[in-house]
Amino acid sequence: MTIQKVIAEIEKHIAISQAEDFDNVGLLCGLPERNVSGILVCHDALENVVDEAIHRNCNLIVCFHPIIFSGLKSLTGKNYVERAVLKAIENKVAIYAIHTAFDNDFYGVNAGICNLLGLKNLKILQPKKNNLKQLNVYVPKDHSENVKEALLSVGAGNIGFYDECSFTIEGKGTFRPIEGSNPFSGEQNIRENASENMISVIFESFKQNQIVTAMKSAHPYEEVAHQIYSLENENHYSGLGMYGEFETEVDENYFLNFVKEKFNLKVIKHSDLNNKKIKRVGVLGGSGASGIKAALSNKCDAYLTGDLKYHDYFLAESKMLICDIGHYESEQLVSQQLFEILSQKFSTFAVLKSSEKTNPVNYFL
């Protein structure tokens, strides 16, 4: 199987188009047409991880953080990024990064954190905006089911935990073929009255090209009458962060000790204790100061993330316990999550998990 085909299978499960605009995800280096000998899953594709991939006969590294984040103007090995990329290229090892595509996935990074904590009733903390569109297409009544099936087969009408969602209205359409046309029905220069259905479906914006292609391929008309609208609705099944609830509320000290044990932490930085009970908990893996206000507005009693600054803790306003458990620590489950996903998808070659340490933060106790 080629690298390109492996990536296509990965992206059926984790849509790379979910990634944030600032991110650098996808295939970072390597030839997509090369056959895969093995996959090494890791957190950061550093030089020692590339060495491990070479030693373990893996020519595709699937990493969480992109080793190339901003533009490279040269490749001379002058820093850790260039050394890793150079070694990968020289040894024909491809690097593919998933990062915020997995952050935004409903079953991704933050679901892993919530599941480890045992939280229930999970919801997205910061749902994606400007992410949904609606298609209305007009189809001859006898061809309505064929066009609808074509749309649904490529992911139109997927709404949360439901798929194949659509709405159909019957009506009458008119058109007049003019010179140069090749009409499906009717004659040139004569107005045609047709019994038509309007099929309406909602879809995520990144699916637009494949949906329009499927619609036109299945539609009998030479010119397909359709409209696509951008919706203001938030996508509550894609976005950064997540929140859920414990079955029973706990006190703050119990919560901190529980988190410390579950994540195997040496230290937790947190805001002031207010002797409040904790039931609803918000989480955002990685650098998550941007989610504090969303956690407050969703009435979370506690919020777990990483990379908080001094003034971020004041935002608690005595309403919520804010906890910084560390950037790497909050994402430590990702490699295992990706390993399990890829192991289920690919059985014809080895899928391995890196044993190299890549967390750059150390603690002196």
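In the block above lies the structure referred to throughout.
1. Side note on the overall build of the protein chain
Link 1 in the chain: The helix and strand inventory of the protein chain stands at 11 helices and 15 strands.
Link 2 in the chain: Within the protein chain, the proportion of its 365 residues that are buried is 47%.
Link 3 in the chain: For the protein chain, the proportion of contacts with a sequence separation of at least 24, taken over those separated by at least 6, is 71%.
Link 4 in the chain: Accessible surface computed for the protein chain: about 19,300 Å², of which carbon and sulfur atoms make up 48%.

2. Regarding the environment of G160
Link 1 in the chain: Examined against the element boundaries, G160 turns out to sit in the loop between α6 (144–153) and β7 (167–175).
Link 2 in the chain: A relative accessible area of 35% means that G160 is categorised as partly exposed.
Link 3 in the chain: Once the C-alpha coordinates of G160 and K266 are considered, the two residues, 106 residues apart in sequence, prove to be 38 Å apart.

3. Points about the sheet that holds strand β11 (residues 269–270)
Link 1 in the chain: Reading across from one edge, β5-β10-β12-β13-β14-β11 is the order of the 6 strands in this open sheet, with mixed pairing throughout. Each edge of the sheet is formed by a strand with only one pairing partner; in this case those strands are β5 (120–128) and β11.
Link 2 in the chain: Examined bridge by bridge, β11 and strand β14 (residues 321–324) share 2 bridges and lie antiparallel to one another. Looking across to β14, one finds that H270 is bridged to C323.

4. Things to note about the layout of surface pockets
Link 1 in the chain: If you add up the space inside the largest pocket, you get close to 1,000 Å³.
Link 2 in the chain: In terms of lining residues, the largest pocket is bounded by 35 residues, among which H13, Q18, D105, E204 and K207 are the most central.
Link 3 in the chain: Elements supplying a minimum of two residues to the lining of the largest pocket: α1 (3–13), β8 (192–204), β10 (235–250) and α11 (334–345).
Link 4 in the chain: The class makeup of the residues in the lining of the largest pocket is 15 nonpolar, 13 polar and 7 charged.
Link 5 in the chain: Space inside the second largest pocket adds up to approximately 750 Å³.
Link 6 in the chain: Of all the elements in the fold, those that place two or more residues in the lining of the second largest pocket are β2 (38–44), α3 (80–90), α4 (99–103), β12 (278–287) and α10 (327–330).
Link 7 in the chain: No other element matches the 4 residues that β12 contributes to the lining of the second largest pocket.

5. Description of the packing of aromatic side chains
Link 1 in the chain: Scanning all chains against the criterion turns up 12 aromatic pairs.
Link 2 in the chain: Ring centres 6.0 Å apart and planes at 80° place the aromatic pair F246 and F258 in the edge-to-face group. Taken as a pair, F246 in strand β10 and F258 in helix α8 (residues 252–262) lie far apart in primary sequence, 12 residues in all. In this structure, F246 and F258 share a single accessibility class: buried.
Link 3 in the chain: What links up through ring pairs into an aromatic cluster is the set F106, Y107, F161 and Y237.

6. Quick word on the pattern of salt bridges
Link 1 in the chain: Enumeration over the complete set of coordinates arrives at 13 salt bridges.
Link 2 in the chain: Salt-bridge contacts for E47 lead to R83; the nearest nitrogen and oxygen are separated by 3.6 Å. Of the two residues, E47 sits in helix α2 (residues 47–55) while R83 sits in helix α3, which places them 36 residues apart along the sequence.
Link 3 in the chain: Here E170 ties to K141 by a salt bridge, and the two come within 3.5 Å at their closest N and O atoms. Taken together, the residues span a long stretch of sequence, with E170 in strand β7 and K141 in the loop between β6 (132–140) and α6 at a distance of 29 residues.
Link 4 in the chain: For E170, a relative accessible area of 59% puts it in the exposed group.
Link 5 in the chain: Among the residues examined, K141 registers a relative accessible area of 42% and is labelled partly exposed.
Link 6 in the chain: Several salt bridges share partner residues, and in doing so they unite E47, D51, R83 and K87 into one network.

Parameters at a glance
Residues numbered from 1 in each chain as written. Predicted model: local features only at pLDDT ≥ 70, side-chain atom pairs only at ≥ 80, totals over all residues. Heavy atoms only, no water. Helix = DSSP H or I, 4+ residues; strand = E, 2+ residues; numbered from the N terminus. Buried < 20%, exposed > 50% of the residue type's maximum accessible area, 1.4 Å probe, protein only. Contact = heavy atoms within 4.5 Å. Areas by Shrake-Rupley, 256 points an atom, 1.4 Å probe, with all protein chains shown as cover. Pairing = 2+ DSSP bridges. 1 Å grid on protein atoms, 1.4 Å probe; cavity = no way out; pocket = protein on both sides within 12 Å on 5 of 7 lines; lining within 4 Å. Points joined across faces, edges and corners; volume = space filled by probe spheres on them. Nonpolar A, V, L, I, M, F, W, Y, C, P; charged D, E, K, R; others polar. Phe/Tyr/Trp six-rings, centres within 6.5 Å; stacked < 30°, edge-to-face > 60°. Salt bridge = Lys/Arg side-chain N within 4 Å of Asp/Glu carboxyl O.

Taken by themselves, the reported measurements are silent on function.
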